[in-house]
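Report on the structure
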Amino acid sequence: MATIDDRNADTLGSAAGHGHDEGSYLTPRGGLITTIWDWATTVDHKKIGVMYLAAVLMMFFFGGVAALAVRTELFSPVREVPGEGITGQWLGSFLGNPDASIAENNNLYNRAFTLHGAIMVFMVIIPSVPAALGNFFLPIMIGAKDVAFPRLNLLSWYIYVTGSIFGIMSILMGGVDTGWTFYTPYSTTTDADQMRVVYMVLAAFILGFSSILTGLNFVVTTHKLRAPGMGWFDMPLFVWAVYATSILQVLATPVIGITLLLLVFERLFRVGIFDPGLGGDPVLFQHFFWFYSHPVVYVMILPGMAVINEIIPVHSHKKIFGYRSMAFASLGIAAVSFLVWGHHMFTSTGELAATVFSALTFLVAVPTAVKVFNWLGTLYKGSISMTPPMVYALMFLFLFTIGGLTGLPLATLSTDMHLHDSYFVVAHFHYVMMGGTIIAFIGGLHHWWPKMFGRMYNERAAIVFALVQFVGFNVTFFTQFILGTRGMPRRYASYVDEFQTLHQISTFGSYILAIGFTGSLAVFVHSLLAGKKAPQNPWGGLTLEWHVESPPSTHNFHKEPIVHHGPYDFDTILPPGWDPKDYPVPNAHEQAEAYAKAQHSHVGSSHH
Amino acid sequence: MTTVPIRETESHATATGAVPWHKYKAAHHFRNKEEEFDGVKLGMWLFLATEVLLFSGLFCAYAVFRILHPEAFTNGSSYLDWRWGGLNTVVLLVSSYTMAASIRNVQLQQFARAKFNLLFTMACGLAFLCIKFLFEYTPKWSGWFFVLDPALSHHEDSGKRALGGLFHFVEGYGGKRPGEWFDYPFSTDNYEHLWWSVYYSATGIHATHVIIGMGLIAWVYLRVRKGMYGPTHYTGVEMAGLYWHLVDLIWIFLFPLLYLIH
């Protein structure tokens, strides 16, 4: 854990920032206009993190509405009933066109799932943990005052907003029906006289820039701004995983950048590199696309793991099992992720290539399983507090494990031929992306909410809504595994009658899920309006963010912290015989003394 | 820290909030100037890595299509004049030298020379763009030649003029365009439009980088004029220099791949 030197005793001892002239980062410094201007031009990583959080949650709402539209349309198959005409066209009727032809209705459906996929991937999941929580906590966790390039950080937020505006413009102009993967030649020919595909592709390109700049910022921050005493292996594992993510963002995103740029050239200037009608190669687009978009799958999941790395040790008050293997597993996942893009293209590459990619894909399971076992090892014999963050972490373990294990039949060539492009794939990646990353993101929000906003929330209600989400999620997506194995292909607005029951169960599940998320939102809003004041360290965490006030002051620390111990050294820091209920117990002085004693007795074995 | 004797720059202004280099302190979240310099440099190298990866997509596309359609590439390349490409290579190499020299000048407080070298680097960038647009893109795209183009003497005069005689039209030369716009009548290969697609995309994106680099150098030049850089603080000059060398480096690879194949 990190404890801080005596020099810093005043920071640690005082409860919540009383008597400091600085005030918290949330303290307004003037009237409404001044405050808005203050936020719009801020270079404070905490404010930028909160701004990302607001933007991401807003896009999550839009993407979620699109998902509900997709599920509602799938409640019944589109079919012609003699005497009744066409039934099951929910989207057409909802948007005021009950007489839409089947083709028009299907077109709407294609736009709805593209909207859902593009928003959720590019505007929600990718920036969720790194840009929102990472921005807020990475600098504090390493004892820095800010990220390395604060102005660049603000710029990346504005770039993110610009990209999102391009995406929204495209939607307002009628939407895009290419799917979020923009496969050529469809994406180069659909709506050929319209600009909206170009806008959507540019949106993804611009969002990629934002992602690169954030990643670059975090890499330099982690390298250069760690507090004295914090070596690489004294960093919290959140920082390790976000660091691995940042490397991926920096190294993979430029490739999608050039790919999307060429796609824009293709549409605007007809350059023909990907368009077979002009002699180009559509499979080349798939290679380029997945060379980025597979690593980006780990850009999405690694930060989820980063959050779980913090929640599990803190809420089971036990040192994390296998610290180093966790750190290396993050880097290992990042490294292997560059070698497996071909498994998205088993049906469009040669047999030998597919075999090699299949074999490499199984490698990913190794570091991933190391992480899961380490989390379980941490829980084993821990003093587990069933707090909302812990409930989310357990949900993550359950859902992510299902998501990971169902990846194996997809990596196996023979089974993939059957499951390829079916609902099995849809269910698999929702278990990983949503059951993994989104659940971890919401769990992280519960974990750090008191620190970010200085307010507690109603824990019981938070747990209830977490469970509602858990039930809703499994009802929605487990049925899709069954649908997939029975042959339901993805991206279709209609289906044969045999699938209707399962589709209806799935649709009901999505409504339960929506209730769960709305409930969580209500818990947070209630906390902002009427929550109890949060103590400095509500869960008993030992990383540096729990040593600053809730919410933190503008410069995070009043003096530069000096790190004395690892981030999870609960066993050496906690007084013997402590009870989790006594939190927040150990004040800084006791911790420092306990540490000094421990140091003393281990002089021989103490490391460099 | 070693002390450096401070010579006042013949700077034109320091009033507008510009911090002179010898008074510069690191941004508040860095412990000192050295740490800030290291951090910025690491960030810049990472950014350059992303630039290389951006171009790697183009180089991949080049490799794929050259393997698939080698004839189209050799045929298309035969219309490029290695002398223009070579001249542009020399221009960029010289500019890389003057850029590097300007960093050295700033470190030695030779501000007049630093400013000259920065201006010269920008002029080289402009020369590169002029050669690219006037003597390479325009005639190949449209058949209109700039009046000073020596290649004009090899073609029959069609008599058509534009912009007060600044441009001369040559019959049957234009039309070497990307994709479906390719309508060069003497083309011998069905896939030659792909070569032009790769050529225009790669050199076009590179030219964009030249323009961005010139913008960076202009920004650094203004700051040198204000006396903001000197022996103990020259971060901006160094970073602009790194970026400019990357622009040069990409061209070093593009030149042989585009001009010197047969």
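Analysis parameters
Residues numbered from 1 in each chain as written. Chains lettered and ligands numbered in written order. Predicted model: local features only at pLDDT ≥ 70, side-chain atom pairs only at ≥ 80, totals over all residues. Heavy atoms only, no water. Helix = DSSP H or I, 4+ residues; strand = E, 2+ residues; numbered from the N terminus. Rg over C-alpha atoms; globule rule 2.2 N^0.38 Å. Buried < 20%, exposed > 50% of the residue type's maximum accessible area, 1.4 Å probe, protein only. Contact = heavy atoms within 4.5 Å. Axes fitted to C-alpha atoms, helices over the stretch in contact; angles between N-to-C directions. Parallel < 35°, antiparallel > 145°, perpendicular 65-115°, else oblique. Left-handed = near helix turned anticlockwise from the far one by under 90°. Nonpolar A, V, L, I, M, F, W, Y, C, P; charged D, E, K, R; others polar. Phe/Tyr/Trp six-rings, centres within 6.5 Å; stacked < 30°, edge-to-face > 60°. Domains from an automatic or database assignment. Buried area = accessible area lost by both parts, 1.4 Å probe. Salt bridge = Lys/Arg side-chain N within 4 Å of Asp/Glu carboxyl O. Polar contact = N/O pair within 3.5 Å; in protein donor to acceptor, adjacent residues only side chain to side chain. pLDDT = per-residue confidence, 0-100. 1 Å grid on protein atoms, 1.4 Å probe; cavity = no way out; pocket = protein on both sides within 12 Å on 5 of 7 lines; lining within 4 Å. Points joined across faces, edges and corners; volume = space filled by probe spheres on them. Core = buried A, V, L, I, M, F, W, Y, C linked by side-chain atoms within 4.5 Å. Expected span 1.5 Å × (residues − 1). Pairing = 2+ DSSP bridges.

1. Brief notes about the overall build of chain A
Helices and strands together make up the secondary structure of chain A, namely 21 helices and 2 strands. Over its C-alpha trace chain A gives a radius of gyration of 25 Å, about what one expects of a compact globule, namely 25 Å for 608 residues. Sorting the 608 residues of chain A into buried and exposed places 60% on the buried side. The long-range fraction of contacts in chain A, counting pairs at least 24 apart against all pairs at least 6 apart in sequence, stands at 81%.

2. A word on the packing of helix 3 (residues 45-73) of chain A against helix 6 (residues 150-172) of chain A
Residue and element names in this part refer to chain A. Two elements in contact, helix 3 and helix 6, have axes whose closest approach is 10 Å; the angle formed by their N-to-C orientations is 15°. For the element pair helix 3 / helix 6, the angle class is roughly parallel. Pair helix 3 / helix 6 crosses with left-handed handedness. Taken together, the residues of helix 6 that come into contact with helix 3 (itself represented by His-45, Ile-48, Met-51, Tyr-52, Ala-55, Val-56 and Met-59) are Pro-150, Asn-153, Leu-154, Ser-156, Trp-157, Tyr-160 and Ile-168. For the contact of helix 3 with helix 6, the residue count by class is 11 nonpolar, 3 polar and no charged.

3. Points about the packing of aromatic side chains
Residues and elements named next belong to chain A. Per the counting criterion, the structure on display carries 67 aromatic pairs over all chains. Between Phe-60 and Phe-517 the ring centres are 5.3 Å apart and the planes differ by 85°, which places this aromatic pair in the edge-to-face class. Here Phe-517 lies in helix 19 (residues 500-530) and Phe-60 lies in helix 3, a separation of 457 residues in the sequence. Of the two residues, Phe-60 and Phe-517, neither departs from the other in class, the shared state being buried.

4. Things to note about the domain arrangement of chain A
All names here are of chain A. The domain architecture assigned to chain A consists of domain 1 (1-41 + 540-608) and domain 2 (42-534). A straight line from the C-alpha centre of domain 1 to that of domain 2 covers 33 Å. Opposite the 35 residues of domain 1 that make contact, domain 2 presents 48 residues. Its largest share of buried area at the contact with domain 2, domain 1 owes to Tyr-25, Trp-39 and Tyr-568, together 22% of the area lost on that side. Where domain 1 packs against domain 2, one counts 2 salt bridges. We note a salt bridge from Lys-47 to Asp-38, for which the minimum N-O separation is 3.2 Å. Counting across the interface, domain 1 meets domain 2 through 20 residue pairs in polar contact (both at pLDDT 80 or more). At the level of secondary structure, the elements contributing two or more residues to the side of domain 1 that touches domain 2 comprise helix 2 (32-40) and helix 20 (570-573). Of all the elements, helix 2 adds the most residues to the side of domain 1 that touches domain 2, at 3 residues. A class-by-class count of the residues in the side of domain 1 that touches domain 2 yields 19 nonpolar, 10 polar and 6 charged.

5. Thoughts on the environment of Arg-491 of chain A
Residue and element names in this part refer to chain A. Looking at the secondary structure, you find Arg-491 in the loop between helix 18 (459-485) and helix 19. For Arg-491, a relative accessible area of 30% corresponds to the partly exposed category. Along the backbone, Arg-491 and Asn-110 are 381 residues apart, and their C-alpha atoms lie at a distance of 7.2 Å. When residues no more than four places from it in sequence are discounted, the contact partners of Arg-491 are Tyr-109, Asn-110, Phe-113, Thr-178, Gly-179, Trp-180, Thr-181 and Tyr-423.

6. Examining the pattern of salt bridges
Under the criterion given, the structure shown has 15 salt bridges over all chains. With its nearest N and O atoms 3.2 Å apart, the salt bridge here joins Lys-46 of chain A to Asp-44 of chain A. Neither residue differs from the other here; Lys-46 of chain A and Asp-44 of chain A are each classed as buried. With its nearest N and O atoms 3.0 Å apart, the salt bridge here joins Lys-132 of chain B to Glu-136 of chain B. Taken as a pair, Lys-132 of chain B and Glu-136 of chain B lie in helix 4 (residues 111-142) at a separation of 4 residues, close to a single helical turn. Across the pair, Glu-136 of chain B and Lys-132 of chain B agree in class, each one buried. Via salt bridges that share partners, Arg-111, Asp-191 and Arg-196 of chain A belong to a single interconnected network.

7. As for the confidence of the model for chain B
With 94% of its residues at a pLDDT of 70 or more, chain B shows a mean pLDDT of 90. For residues 9-15 of chain B, every residue scores under 50 in pLDDT, and the model assigns this stretch 13 contacts once sequence neighbours within four places are set aside.

8. Some points on empty space enclosed by the protein
For the structure shown, the criterion picks out 3 cavities of 30 Å³ or more. Here the largest cavity defines a volume of roughly 150 Å³. Contributing to the lining of the largest cavity are 18 residues, with Phe-122, Ile-126, Pro-127, Leu-207 and Ser-211 of chain A lying nearest its centre. Mapped onto the lining of the largest cavity, the elements with two or more residues apiece are helix 5 (102-141), helix 8 (196-224) and helix 9 (237-269) of chain A. Broken down by element, the residue count for the lining of the largest cavity peaks at 6 residues, all from helix 8 of chain A. Here the second largest cavity is characterised by a volume of approximately 60 Å³. Of all the secondary-structure elements, those providing two or more residues to the lining of the second largest cavity are helix 1 (33-68), helix 5 (192-225) and helix 6 (235-259) of chain B.

9. Examining the interface of chain B and chain A
Listed by partner, the interface residues are 35 residues for chain B and 39 residues for chain A. The contact between chain B and chain A buries some 3000 Å² in all, and 76% of this surface belongs to carbon and sulfur atoms. At the surface where chain B touches chain A, the tally comes to 2 salt bridges. The closest approach of N and O atoms between Glu-180 of chain B and Arg-270 of chain A, which form a salt bridge, is 3.7 Å. Put simply, chain B and chain A have 9 residue pairs in polar contact (both at pLDDT 80 or more) between them. Contributing elements (two or more residues each) for the side of chain B that touches chain A: helix 1 and helix 5 of chain B. Of all the elements, helix 1 of chain B adds the most residues to the side of chain B that touches chain A, at 19 residues.

10. Regarding the environment of Ala-203 of chain A
All names here are of chain A. Assignment of secondary structure puts Ala-203 in helix 8. Owing to a relative accessible area of 1%, Ala-203 belongs among the buried residues under this scheme. For the pair formed by Ala-203 and Gly-163, sequence separation is 40 residues and the distance between their alpha carbons is 4.4 Å.

11. What about unusual backbone geometry?
All names here are of chain A. The step from Thr-184 to Pro-185 runs through a cis peptide bond, and the omega angle for that step is 0°. Tracing the chain through its elements places Pro-185 in the loop between helix 6 and helix 7 (186-189). For the bond running from Ser-550 to Pro-551, omega is -10°, close enough to zero to count as cis. In this structure, Arg-491 takes a positive phi of about 70° despite not being glycine.

12. Notes on the nonpolar core
Across soluble globular proteins, you tend to see nonpolar side chains buried next to one another. All names here are of chain A. One finds Phe-122, Leu-133, Phe-238, Trp-375 and Met-452 to be the most contacted residues of the largest nonpolar core, which totals 229 residues. Considering every element that reaches this core, the biggest residue donor is helix 9, with 19 residues. Taken domain by domain, the makeup of this core includes at least three residues from each of domain 1 (1-41 + 540-608) and domain 2 (42-534). Counting residues in hydrophobic clusters, the runner-up holds 15 residues, among them Ala-112, Leu-483, Met-488 and Ala-493.

13. Notes on helix 8 of chain A
Taking 1.5 Å as the rise per residue, helix 8 of chain A with 29 residues should run 42 Å; its terminal C-alpha atoms sit 42 Å apart, in good agreement. In terms of residue burial, helix 8 of chain A counts as a mostly covered element, since 24 of its 29 residues are buried.

14. With respect to the sheet that holds strand 2 (residues 161-162) of chain B
The pairing of strands in a sheet happens through backbone hydrogen bonds and is either parallel or antiparallel. Residue and element names in this part refer to chain B. With antiparallel pairing, 3 strands are arranged side by side in an open sheet as 1-3-2. Two strands in the sheet have a free side with no partner beyond their single neighbour: strand 1 (144-146) and strand 2. In terms of strand pairing, strand 1 meets strand 3 (residues 167-169) through 3 bridges, oriented antiparallel. Paired with Trp-144 across the bridge in strand 3 is Phe-169. Of the strands in this sheet, strand 1 and strand 3 are in contact with helix 4, which crosses strand 1 at around 160°.

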